Amino acid sequence: MTGRIHITNAQGDTTRTWDTADPETIRETEEVFREAQRAGRLVYRQAENGKGEQVTLETWDPVEHTELTVTPRLVGG
Amino acid sequence: MSAWLVVGTTAFVVAALVVLARLLAGPVRCAHRALTRRRRAELRAKALLLSWLSPGQRSQYRARGWFDVVTSTGSRYRVCPRKVVRMDARRSAYCIEAAPWVPEADQMLAKKLLLETDERRFLATAYRYR
């Protein structure tokens, strides 16, 4: 099974995928999480009720949470 | 004599226009490319936002360009381009934006998700101006 992570950016977003059976691609996605956390960005998955749910490296399940979005860092305007 | 003057002046004006057109061609092409890239980015961001919205939010966004979000505490917020309004009697308005810049639809998605998952953090981050 393949998972997708959408990273929002100036181009709209960049999508990266991982194979749930391939530890190497999962490690690469974990690195995306680390980069996002370092930059103060949040990662979400769509919960069963359709609303967002925050996912961290600690709570991420590569097999269950296969559709993720990294949002930009928000600051007060 | 005057005919030569007319021919000379015309040739000068044409040459000047050619040089000017060549000088401007680069920046105009560059600006056009940037505009195309930006439009493409906005379209991608809109598609991602729409994939996250509920059917009700989707029709609000398509019809009016904004959508409402109800937080876990029951508060209703209106996520508009460049601002968020709390839909209570006071109608407080908040300014919160992405850093660095991303297309507007990506910013609206980030605000929606933050409101749904961590309203307190949203209120601590946003600048209330009304």
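Up top you'll find the structure we're talking about.
Residues numbered from 1 in each chain as written. Chains lettered and ligands numbered in written order. Predicted model: local features only at pLDDT ≥ 70, side-chain atom pairs only at ≥ 80, totals over all residues.

**Quick look at the overall build of chain A**
Move 1: Summing up its helical and strand segments, chain A has one helix and six strands in all.
Move 2: The C-alpha radius of gyration of chain A comes to 12 Å, within 12% of the 11 Å expected for a compact globule of 77 residues.
Move 3: Considering only C-alpha atoms, chain A reaches an extent of 45 × 30 × 25 Å along its principal axes.
Move 4: Looking at chain A as a whole, 23% of its 77 residues are labelled buried.
Move 5: Contacts in chain A between residues far apart in sequence, at least 24 positions, make up 48% of those at least 6 positions apart. (Helix = DSSP H or I, 4+ residues; strand = E, 2+ residues; numbered from the N terminus. Rg over C-alpha atoms; globule rule 2.2 N^0.38 Å. Buried ≥ 20, exposed ≤ 12 C-beta atoms within 10 Å, placed from the backbone. Contact = placed C-beta atoms within 7 Å.)

**Let's talk about the overall build of chain B**
Move 1: Within chain B, the regular secondary structure consists of four helices and five strands.
Move 2: Along chain B, from the amino end to the carboxyl end, the secondary structure elements read α-α-β-β-β-β-α-α-β.
Move 3: In summary, chain B has a C-alpha radius of gyration of 25 Å against a globular reference of 14 Å for 130 residues, an excess of more than 25%.
Move 4: In chain B, which comprises 130 residues, the proportion classed as buried is 23%.
Move 5: Pairs at least 24 apart in sequence give 46% of the contacts found in chain B among residues at least 6 apart.

**Quick look at the interface of chain B and chain A**
Move 1: Across the contact, 25 residues belong to chain B and 22 residues belong to chain A.
Move 2: Mapped onto the side of chain B that touches chain A, the elements with two or more residues apiece are α1 (2-52), β4 (93-98) and α3 (104-117) of chain B.
Move 3: By residue number, the principal contributor to the side of chain B that touches chain A is α3 of chain B, which donates eight residues.
Move 4: Counted by class, the side of chain B that touches chain A contains 17 nonpolar, four polar and four charged residues.
Move 5: Sheet topology note: the strand β6 (residues 74-76) of chain A/β4 of chain B ladder contains three bridges and is antiparallel. Counterpart to L74 of chain A in the pairing with β4 of chain B is A98 of chain B. (Nonpolar A, V, L, I, M, F, W, Y, C, P; charged D, E, K, R; others polar. Pairing = 2+ DSSP bridges.)

**What about the sheet that holds strand β4 (residues 52-55) of chain A?**
Move 1: Read from one edge of the open sheet, five strands run β2-β1-β5-β3-β4 (chain A), paired in mixed fashion. Every interior strand has two partners, whereas the edge strands, β2 (12-19) and β4 of chain A, have only one. Averaged over all neighbouring strand pairs, the angle between strand axes comes to 30°, with direction disregarded.
Move 2: Pairing between strand β3 (residues 43-46) of chain A and strand β5 (residues 67-70) of chain A: three bridges, direction antiparallel. Looking at the pairing, R45 of chain A lines up with L68 of chain A of β5 of chain A.
Move 3: Along the sheet, α1 of chain B contacts β1 (2-9), β2, β3 and β5 of chain A; its crossing angle with β2 of chain A, the most-contacted strand, is approximately 60°.
Move 4: In the packing of α3 of chain B onto the sheet, the strands contacted are β1, β2, β3 and β4 of chain A, and the crossing angle to β4 of chain A comes to about 85°. (Axes fitted to C-alpha atoms, helices over the stretch in contact; angles between N-to-C directions.)

**Section: the nonpolar core**
Move 1: The biggest cluster of nonpolar side chains holds 30 residues, and the ones touching the most others in it are V43 of chain A together with L49, V79, V84, L109, A110 and L114 of chain B.
Move 2: Those elements that provide at least two residues to this core are β3 and β5 of chain A together with α1, β1 (67-70), β2 (76-80), β4 and α3 of chain B.
Move 3: Ranked by residue count, the leading element in this core is α3 of chain B, at seven residues.
Move 4: L114 of chain B has contacts with L74 of chain A together with R121 and F122 of chain B, leaving out every residue within four places of it along the chain. (Core = buried A, V, L, I, M, F, W, Y, C linked by C-beta atoms within 7 Å.)

**Quick notes on the pairing of β1 of chain A**
A regular strand places its side chains so that they alternate between the two faces of the sheet.
All names here are of chain A.
Move 1: Pairing analysis gives eight bridges linking β1 to β2, with the strands arranged antiparallel. Looking across to β2, one finds that H6 is bridged to T15.
Move 2: Linking β1 to β2, which pair antiparallel, is a turn of two residues.
Move 3: In terms of strand pairing, β1 meets β5 through four bridges, oriented parallel. Residue pairing for β5: I5 is matched across the bridge by L68.

Just geometry here; none of it tells us what the structure is for.
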